[in-house]
Amino acid sequence: MKTVAATALLAAVASYAAPAKRAVTDTDILQYALTLEHLENSFYHGFLDKFDDAAFTNAGFPDWVRGRVKNIAEHEAQHVALLSGALGSAATQPCTYAFPSVTDPKSFMALASVIENVGVSAYLGAAASIMESAYVTVAGSILTTEARHQAWLNSAVEKAAAWSGPEDTPLDFDEVYSIAAAFITSCPTTNPTLPFKAFPALTIAADGTVGTTAKTDGAFVQLLQGLDQNTYPVVNGKVQGLPTTQGIAYAVLTSQGNSTLVGDENILAGPVIFNSPFNSKQSNPAPNF
Ligand SMILES: *[C@@H]1O[C@H](CO)[C@@H](O)[C@H](O)[C@H]1NC(C)=O
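A brief structural summary. (Residues numbered from 1 in each chain as written. Predicted model: local features only at pLDDT ≥ 70, side-chain atom pairs only at ≥ 80, totals over all residues. Heavy atoms only, no water.)

1. Quick notes on helix α2 (residues 26-50)
Now for step 1: Between its terminal C-alpha atoms α2 stretches 36 Å, which fits the 36 Å expected from 25 residues at 1.5 Å a residue.
Now for step 2: The buried count for α2 comes to 19 of 25 residues, which makes it a mostly enclosed element. (Helix = DSSP H or I, 4+ residues; strand = E, 2+ residues; numbered from the N terminus. Expected span 1.5 Å × (residues − 1). Buried < 20%, exposed > 50% of the residue type's maximum accessible area, 1.4 Å probe, protein only.)

Laid out in structure tokens, this is it:
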């Protein structure tokens with residue numbers, strides 16, 4: 001039976017297109033989550049090995065920062081252990097990764113904040129497809145922890161906002177897979193094949209110019225921030241009327257002009273991640289693509 005509150009909530013989200021139900025099993029979802037946790041685990045441990053306490057203080061970080069990042073790295077290792085334990089001998093193994101934008105502790109911390117946000121969006125987007133309710137609790141407990149990591153990284157370290165808006169942004173499986181694939185160099189051939197694919201890369205310049213190998217004629221850009229989804233036409237290779245965003249937002253190139261119908265099945269490229277400065281004194285800050 002629906003309660004009054006649930007009915008009101010459903011009405012409020014009626015305009016939001018929930019990720020289409022995919023023919024994925026809970027095992028696929030656990031493997032997908034583990035794929036992301038391996039990436040995060042390798043990211044943190046790899047760069048903490050490279051950048052010691054002195055590197056962090058020389059980069060201008062207070063002396064308590066690296067210790068807390070170490071704590072985050074331990075959480076990611078624990079997430080790997082938790083999901084690997086659930087999957088047993090079938091658990092997907094770590095790949096090799098490349099994070100070319102990271103050259104020092106500063107760029108490491110900046111990418112950490114984005115990666116945590118993608119983690120939040122991944123668990124949020126997958127939640128509706130999980131069959132076994134006990135896994136929803138496990139996924140939820142990881143999701144909220146990743147959100148705390150992201151909030152701490154962004155506010156205490158980056159001196160930006162701890163959130164991007166009143167709701168976080170769910171991403172579909174292939175959208176997340178595309179972001180992760182950009183960091184993956186190669187994977188063990190023994191890893192299970194997952195029913196997910198990566199889209200071609202997408203860039204959107206400050207003047208709206210769309211960069212991708214996909215065809216942009218007649219295409220649209222869908223902006224995803226929180227539960228808001230809007231599409232903007234691409235004309236002569238430039239997206240028209242894309243608004244500025246605050247905090248972290250995503251955009252994809254799609255063949256579908258009706259925003260509520262955009263999903264993995266009609267995405268042509270992306271996502272691109274917009275990480276814009278969040279200035280509390282300014283209601284409409286300039287984008288920082
Ligand atoms: C978009 O698709 C939804 C679902 O089919 C439909 O209800 C809505 O009217 C469409 N909007 C437009 C502008 O075509």
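2. Let's talk about unusual backbone geometry
Now for step 1: In the segment running from Gly 270 into Pro 271, the intervening peptide bond is cis, with an omega of 0 degrees.
Now for step 2: Considering the arrangement of structural elements, one finds Pro 271 in strand β9 (residues 267-276).
Now for step 3: Positive phi values are uncommon outside glycine, yet Asn 236 reaches one of about 50 degrees.
Now for step 4: Its location among the elements puts Asn 236 in the loop between β6 (228-235) and β7 (238-239).

3. Re the state of the cysteines
Now for step 1: Within this structure, the stated rule accounts for 1 disulfide.
Now for step 2: Shown here is the disulfide that connects Cys 95 with Cys 187, its sulfur atoms set 2.1 Å apart. Its S-S torsion of approximately 95 degrees makes the covalent link between Cys 95 and Cys 187 right-handed. Taken together, the residues Cys 95 in the loop between α4 (65-87) and β1 (96-97) and Cys 187 in the loop between β2 (184-186) and β3 (203-204) connect sequence positions 92 residues apart.
Now for step 3: Take Cys 187: its relative accessible area is 38%, and that puts it in the partly exposed class. (Disulfide = S-S within 2.5 Å.)

4. Things to note about α4
Structural remark: α-helix, 3.6 residues per turn; residues separated by three or four positions point the same way.
Now for step 1: Between its terminal C-alpha atoms α4 stretches 33 Å, which fits the 33 Å expected from 23 residues at 1.5 Å a residue.
Now for step 2: Val 65, Arg 66, Val 69, Ile 72, Ala 73, Glu 76, His 79, Val 80, Leu 83 and Leu 87 are the residues of α4 that are buried.
Now for step 3: Where α4 ends, the next residue or the one after it, Gly 88, has phi of about 65 degrees, a positive value.

5. Some words on empty space enclosed by the protein
Now for step 1: For the structure on display, the rule yields 3 cavities of 30 Å³ or more.
Now for step 2: Taken as a whole, the largest cavity spans an internal volume of roughly 130 Å³.
Now for step 3: Residue lining of the largest cavity: 15 residues in total, with Ile 29, Ala 33, Tyr 123, Ile 130 and Ala 139 positioned closest to the centre.
Now for step 4: Secondary structure elements with two or more residues in the lining of the largest cavity: α2, α5 (105-127) and α6 (133-157).
Now for step 5: Element by element, the count of residues in the lining of the largest cavity is highest for α2, at 6 residues.
Now for step 6: Classifying every residue of the lining of the largest cavity gives 14 nonpolar, no polar and 1 charged.
Now for step 7: Taken as a whole, the second largest cavity spans an internal volume of roughly 100 Å³.
Now for step 8: Taken together, Leu 36, Leu 39, Glu 40, Ile 115, Val 118, Gly 119, Val 176, Ile 179, Ala 180 and Phe 183 make up the full set of residues lining the second largest cavity.
Now for step 9: Mapped onto the lining of the second largest cavity, the elements with two or more residues apiece are α2, α5 and α7 (173-181).
Now for step 10: Of the residues contributing to the lining of the second largest cavity, the split by class is 8 nonpolar, 1 polar and 1 charged. (1 Å grid on protein atoms, 1.4 Å probe; cavity = no way out; pocket = protein on both sides within 12 Å on 5 of 7 lines; lining within 4 Å. Points joined across faces, edges and corners; volume = space filled by probe spheres on them. Nonpolar A, V, L, I, M, F, W, Y, C, P; charged D, E, K, R; others polar.)

6. Some thoughts on the packing of aromatic side chains
Now for step 1: Using the criterion set out here, one finds 18 aromatic pairs in the structure.
Now for step 2: Aromatic side chains Phe 43 and Phe 47 sit 5.6 Å apart centroid to centroid with 75 degrees between the ring planes, which places their arrangement in the edge-to-face category. With Phe 43 and Phe 47 both in helix α2, this residue pair falls 4 residues apart, about one helical turn.
Now for step 3: Both rings, one in Phe 99 and one in Phe 183, keep their centres 5.1 Å apart while their planes meet at 35 degrees; by these two values the pair is tilted. Here the residue Phe 99 occupies a position in the loop between β1 and α5, and Phe 183 occupies one in the loop between α7 and β2, the gap between them amounting to 84 residues. Taken as a pair, Phe 99 and Phe 183 share a single burial class, namely buried.
Now for step 4: Following the ring pairs from residue to residue traces out a cluster consisting of Phe 43, Tyr 44, Phe 47, Phe 51, Phe 56, Phe 61, Tyr 97, Phe 99, Phe 108 and Phe 183. (Phe/Tyr/Trp six-rings, centres within 6.5 Å; stacked < 30°, edge-to-face > 60°.)

7. Some points on the pairing of β6
Now for step 1: With 6 bridges joining them, strand β5 (residues 220-225) and β6 adopt antiparallel strand pairing. In the sheet register, Val 221 faces β6, and the bridge partner there is Tyr 232.
Now for step 2: Counting the residues between successive antiparallel strands, the hairpin from β5 to β6 contains 2 residues, one of them, Gly 226, with a positive phi of roughly 60 degrees.
Now for step 3: Relative to β7, β6 runs antiparallel, the two being bridged by 2 bridges. (Pairing = 2+ DSSP bridges.)

Read these as geometric descriptors, not functional statements.
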